[in-house]
Amino acid sequence: MSGLLPEGFHDRLPPAADAATRLESHVLGVARGYGYEQVDPPLAEFADELSARLKAAGGLRDAVRFVDPVSQRTLAIRPDLTAQIGRIAATRMGHHPRPVRLSYAGPVMKLAASELDPLRATRQIGAELIGLDTVAAATEVVRVAIEALRATGVEGIALDFTLPDLVDCLAGDSLTPAQLATLRDRLDAKDAAGVAAIAPRYLPLIEAAGPFDAAIERLRASDAGKALATRLDGLVEIAASIRGQAALTLDPTERHGFEYQSWLGFSLFAKGVRGEIGRGGTYTILHGNGREEAAVGFSLYADPILDAGIGAGARRRLFLPFGTPAGIGAKLREEGWVTVAALEADDTPEAQLCTHVLRDGAPQTIQAGLAAN
Ligand SMILES: N[C@@H](Cc1c[nH]c[nH+]1)C(=O)O
């Protein structure tokens, strides 16, 4: 059925849409347990406001934009919720004591799809801690993310740490901006020869990538000037808090998708799920008066998780034959049943995808085969 929706857009049908709601409430529930309260910003807002909120965010290349006939200003549909949370924290919640803990869930839209990420209209669920980007703050955020994924039934979680601003931090002023840009590009491509041609001292960063402990050791060994020592110590502490709950790797130069994250970034993966299921890290919010504020957070991507069939749960629907008194249905729903009432005499449990049928006043399982969805 091509042409019904633009490429990269999709409908969620039953039972996947119910699963999506359940997943969202599990994640928000775990975040709520850690003190994160939900905010719900609008789908679109002034483009200049959205693009200037996070330091190093690089504009709104990813956003669908249009001129609002009412305000006559350019609006952007959010491609990511983090900047909106930053805006709320910096403005309307600017007077709240720090750190502020906020959670969110909602649709986002991207201007273009990529091969790795073919969906343009997706949903993000996440949490942001505003006011700190310390190891303690990052540890909490990473824990919430992992616990939230586990609560939704995701198994085989893997977390890949990265150090998004590492290259800039090591470069000092020894490289021109143009050289730095090429270097970043070559590091992203893991092009050892290209890196060697610009600055051979960066080669150990490519070689270090891999399982966490070994990668840390290799990085420490190559860090003669101890320029990385604090960052590496921080990573080790964060990693220790989730050990055993996720497979840990470290790719110090990975920058794809980490546009605005600062000293720490991480990507989340799960067994049996294609691509990333979430991402997070530390970043800097810009206040109107030029003040900068540290923050850390994560966003989970519901679509790949749901597409892998995780969190779907089994359907359990009880068919109430035509004429069943309303009071009986009410009592069964109180007991936790999902009831589906026949509204016409010839309706059937099969047509209503029911797993159970009310017979002689009691729910009975329908023979296997019929019950399958
Ligand atoms: N919103 C970011 C992840 C993030 C949340 N907070 C900090 N970083 C993303 O989806 O790429």
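Cut-offs and rules
- Residues numbered from 1 in each chain as written.
- Predicted model: local features only at pLDDT ≥ 70, side-chain atom pairs only at ≥ 80, totals over all residues.
- Heavy atoms only, no water.
- Helix = DSSP H or I, 4+ residues; strand = E, 2+ residues; numbered from the N terminus.
- Contact = heavy atoms within 4.5 Å.
- Areas by Shrake-Rupley, 256 points an atom, 1.4 Å probe, with all protein chains shown as cover.
- Pairing = 2+ DSSP bridges.
- Axes fitted to C-alpha atoms, helices over the stretch in contact; angles between N-to-C directions.
- Near = heavy atom within 4 Å.
- Polar contact = N/O pair within 3.5 Å; in protein donor to acceptor, adjacent residues only side chain to side chain.
- Nonpolar A, V, L, I, M, F, W, Y, C, P; charged D, E, K, R; others polar.
- Expected span 1.5 Å × (residues − 1).
- Phe/Tyr/Trp six-rings, centres within 6.5 Å; stacked < 30°, edge-to-face > 60°.
- Buried < 20%, exposed > 50% of the residue type's maximum accessible area, 1.4 Å probe, protein only.
- Lys NZ or Arg CZ within 6 Å of the ring centre and 35° of its normal.
- pLDDT = per-residue confidence, 0-100.
- Parallel < 35°, antiparallel > 145°, perpendicular 65-115°, else oblique.
- Left-handed = near helix turned anticlockwise from the far one by under 90°.
- UniProt positions renumbered as here; feature names shortened; annotations may be inferred.

Colleague: Which residues make up the overall build of the chain, and what values do they have?
Modeller: Counting its regular elements, the chain contains 12 helices and 16 strands. If one aligns the C-alpha atoms of the chain with their principal axes, the spans along those axes are about 80 × 55 × 45 Å. Residue pairs in contact within the chain that sit at least 24 positions apart in sequence constitute 66% of those at least 6 positions apart. On the chain, roughly 18,400 Å² of surface is accessible, and the fraction owed to carbon and sulfur atoms is 55%.

Colleague: Lay out the sheet that holds strand S10 (residues 265–270) with the relevant residues and their values.
Modeller: Read across the open sheet, the nine strands follow the order S1-S5-S6-S12-S11-S10-S7-S9-S8; overall the sheet is mixed. The outermost strands of the open sheet, each flanked by one partner alone, are strand S1 (37–38) and strand S8 (210–211). Helix H10 (residues 229–242) rests against strand S7 (157–162) and strand S9 (247–250) of the sheet, and its axis sits at about 175° to S7.

Colleague: Which residues make up the site of the ligand, and what are the values?
Modeller: Inspection of the region around the ligand gives 14 residues, with Asp 80, Thr 82, Glu 128, Ser 299 and Tyr 301 positioned closest. Take Thr 82: an N or O atom from its side chain is 2.8 Å from a nitrogen atom of the ligand. Measuring from an oxygen atom of the ligand, one finds a side-chain N or O atom of Tyr 301 at 2.7 Å. In the complex, 96% of the free accessible area of the ligand, which totals 300 Å², lies under the protein chains. Those elements giving two or more residues to the shell around the ligand turn out to be strand S6 (121–130), strand S11 (278–286) and strand S12 (292–301). Grouping the amino acids of the shell around the ligand by side-chain chemistry returns four nonpolar, seven polar and three charged.

Colleague: Describe the sheet that holds strand S2 (residues 44–46), with residues and values.
Modeller: Strand order in the open sheet made by the three strands is S2-S4-S3, with antiparallel pairing throughout. In this open sheet, the two strands that pair with only one neighbour each are S2 and strand S3 (65–67). Taking the axes of each pair of neighbouring strands and ignoring which way they run, one obtains an average angle of 35° across the sheet. Strand direction decides the pairing type here: S2 and strand S4 (residues 74–77), joined by three bridges, are antiparallel. From the neighbouring strand, Phe 46 faces S4, where its bridge partner is Leu 75.

Colleague: Now, about helix H1 (residues 16–33): what can you tell me, with residues and values included?
Modeller: End to end, H1 covers 26 Å across 18 residues, agreeing with the expected 26 Å (1.5 Å per residue, within 8%). Positive backbone phi, approximately 95°, marks Gly 35, located one or two places after H1.

Colleague: Let's hear about the pairing of strand S15 (residues 356–359): which residues, and what values?
Modeller: Sheet topology places strand S13 (residues 318–320) next to S15; two bridges connect them, and they run parallel. Its bridge partner lying in S15, Leu 318 is registered against His 356. Here four bridges tie S15 to strand S16 (residues 362–365), and the two strands are oriented antiparallel to one another. Bridge pairing in S16 links Leu 358 to Pro 363. Linking S15 back to S16 in an antiparallel pair, the connection comprises two residues, with Asp 360 at a positive phi of about 55°.

Colleague: Please provide a residue-by-residue account of the side chain of Asp 303, values included.
Modeller: Structurally, Asp 303 can be placed in helix H11 (residues 302–307). A distance of 3.1 Å separates the side chain of Asp 303 from the backbone nitrogen of Arg 123, its partner in a polar contact. Excluding its chain neighbours within four sequence positions, the residues that come into contact with Asp 303 are His 10, Arg 12, Leu 119, Thr 122 and Arg 123.

Colleague: Account for the packing of aromatic side chains, naming residues and giving values.
Modeller: Think of a pair of aromatic rings as described by two things: how far the centres are apart, and how the planes are tilted against each other in angle. Applying the stated rule across the entire model yields two aromatic pairs. Where Phe 161 meets Phe 212, the ring centres are 5.5 Å apart and the plane angle is 55°; that geometry is what we call tilted. In this pair, Phe 161 sits in strand S7 while Phe 212 sits in helix H9 (residues 212–222), placing the two residues 51 residues apart along the sequence. No difference in accessibility class separates Phe 161 from Phe 212, as the two residues are buried. The cationic tip of Arg 279 hangs over the ring face of Phe 258; the distance from NZ or CZ to the ring centre is 5.6 Å.

Colleague: Tell me about the confidence of the model for the chain, and please be specific about residues and values.
Modeller: Looking at the chain, pLDDT values average 93 and 98% of them are 70 or higher. Within the model, the stretch residues 369–373 combines pLDDT values under 50 with five contacts to residues more than four positions away or in other chains. For this predicted complex, the interface confidence score (ipTM) comes to 0.99, while the overall pTM stands at 0.93.

Colleague: Can you explain the packing of H1 against helix H4 (residues 135–151)? Please cite residues and give values.
Modeller: Each pair of packed helices gets described by two things: the angle between the helix axes and the distance between those axes. The N-to-C vectors of H1 and H4 enclose an angle of 140°; their axes lie 8 Å apart at closest approach. Judged by the inter-axis angle, H1 sits oblique to H4. The interaxial crossing formed by H1 with H4 has right-handed handedness. Together, His 26, Val 27, Val 30 and Ala 31 of H1 and Val 144, Glu 147, Ala 148 and Ala 151 of H4 make up the contact between the two elements. Within the contact of H1 with H4, the residues separate by chemical class into six nonpolar, one polar and one charged.

Colleague: Quick one: what's the story with the UniProt feature "binding site: L-histidine" (unreviewed entry) in the chain, residue by residue and with numbers?
Modeller: Here, the residues flagged by UniProt with the feature "binding site: L-histidine" (unreviewed entry) are Asp 80, Leu 81, Thr 82, Gln 124 and Glu 128. A maximum C-alpha distance of 12.6 Å among these annotated residues, which run over 49 residues, shows that they cluster at one spot. Checked against the element boundaries, Gln 124 lands in strand S6. Among the residues examined, Gln 124 registers a relative accessible area of 5% and is labelled buried. Within polar-contact distance, the side chain of Gln 124 engages the side chain of Asp 80 at 2.8 Å.

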